[in-house]
Amino acid sequence: MNNTSGMIERPDAPPTQRNKWPILEILNKELTVPADILEIGSGTGQHAIFFAEKFPFIEWFTSDVNSNHAGINIWLQSYKRSNIRLPINLEIGINEENLTTNFDHVFSSNTSHIMSFNNVKKMFSLVGRLLPIGGKFYLYGPFKINDDFTSKSNKDFDDILKKQSPLMGLRDIEKLDMLANEEGMTKYKFYDMPANNYFSIWRKNEFI
Ligand SMILES: C[S@@+](CC[C@H](N)C(=O)[O-])C[C@H]1O[C@@H](n2cnc3c(N)ncnc32)[C@H](O)[C@@H]1O
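To start, this report covers the structure provided alongside it.

Calculation rules
- Residues numbered from 1 in each chain as written.
- Predicted model: local features only at pLDDT ≥ 70, side-chain atom pairs only at ≥ 80, totals over all residues.
- Buried ≥ 20, exposed ≤ 12 C-beta atoms within 10 Å, placed from the backbone.
- Helix = DSSP H or I, 4+ residues; strand = E, 2+ residues; numbered from the N terminus.
- Arc of directions from axis to C-beta.
- Contact = placed C-beta atoms within 7 Å.
- Axes fitted to C-alpha atoms, helices over the stretch in contact; angles between N-to-C directions.
- Left-handed = near helix turned anticlockwise from the far one by under 90°.
- Nonpolar A, V, L, I, M, F, W, Y, C, P; charged D, E, K, R; others polar.
- Pairing = 2+ DSSP bridges.
- Right-handed = clockwise from strand over helix to strand, strands pointing away.

## Brief notes about helix α3 (residues 69–77)
Regarding α3, the residues found buried are Gly71, Ile72 and Trp75. On an axial view of α3, the arc spanned by its buried residues comes to 100 degrees, and they lie on one face. Buried residues along α3 sit in contact with α2 (46–54), β2 (58–64) and β3 (84–89).

Okay, here's the thing in structure tokens:
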């Protein structure tokens, strides 16, 4: 975002600043290090600098659509260590086939309700292709369970998203589990998180 002097302002996402703490609690239990981690849809980059600082033995690879890179780069300039990589131009549905690097784990927050379901499928396909056996896909966000909203606020949020685009919307966790299974991953853990959010972790199987 440009200010009146034409400078790009550092983007700020207050929900990201709030949810990083409960997400950290789970990552503290569940993240196996050392590891190279791909983040899909880094947004502002605030999760990246927070988690990379907390886990010095990981390499955190940010990614997002090109238009978000300038904002991510501003946050990265303030980062004092060297374990975060500059954003990869990764737009699921457009160029995910170009990404061929392997990562130990993949992390993504609040992306599956923003992407179309078709792109969510492509995200799972990409993750299944990139992860080694035992690698984990950590996905945070609001989901439906048994095709139902788990709170009125999630239903209201879904209505707002659908007004922005009919392709957006909260995903049913069982459908995500099916996508994961199709890509050789199995549900490993599922956590209830504050504010009607969830943290789902799938693990890449030994045999597909
Ligand atoms: C709600 S924001 C979440 C940002 C960040 N992960 C967080 O939790 O603060 C959704 C992010 O998904 C990204 N995104 C949406 N569609 C995408 C796609 N097709 N491929 C990759 N990223 C996408 C957006 O650019 C945006 O950064």
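## Points about the packing of helix α1 (residues 14–30) against α2
Look at α1 against α2: their axes get within 10 Å of each other, and the N-to-C directions meet at 35 degrees. The way α1 lies across α2 gives a crossing that is right-handed. From α1, Thr16, Gln17, Lys20, Leu24 and Leu27 reach across to α2, where they touch Gln46, His47, Phe50, Phe51 and Lys54. The residue makeup of the contact of α1 with α2, split by class, is 4 nonpolar, 4 polar and 2 charged.

## Section: the pairing of strand β9 (residues 197–204)
Here β9 lies mainly inside the structure; 6 of its 8 residues are buried. Relative to β9, strand β5 (residues 136–141) runs antiparallel, the two sharing 6 bridges. When the bridges of β9 are listed, Tyr140 appears paired with Phe199. Pairing geometry for strand β8 (residues 185–193) and β9, over 8 bridges, is antiparallel. Bridge pairing links Tyr191 to Phe199 in β9.

## A few points about the pairing of strand β1 (residues 35–40)
The two faces of a sheet get side chains in turn, since along a regular strand they alternate between them. Inspection of the sheet shows β1 paired to β2 by 4 bridges, in the parallel sense. Considered in β2, the bridge of Ala35 is made with Ile58. In this view, the connection linking β1 to its parallel neighbour β2 by way of α2 has right-handed handedness. Alignment of β1 against strand β4 (residues 105–109), held across 4 bridges, turns out to be parallel. Bridge assignment links Glu39 to a residue of β4, and that residue is Phe107.

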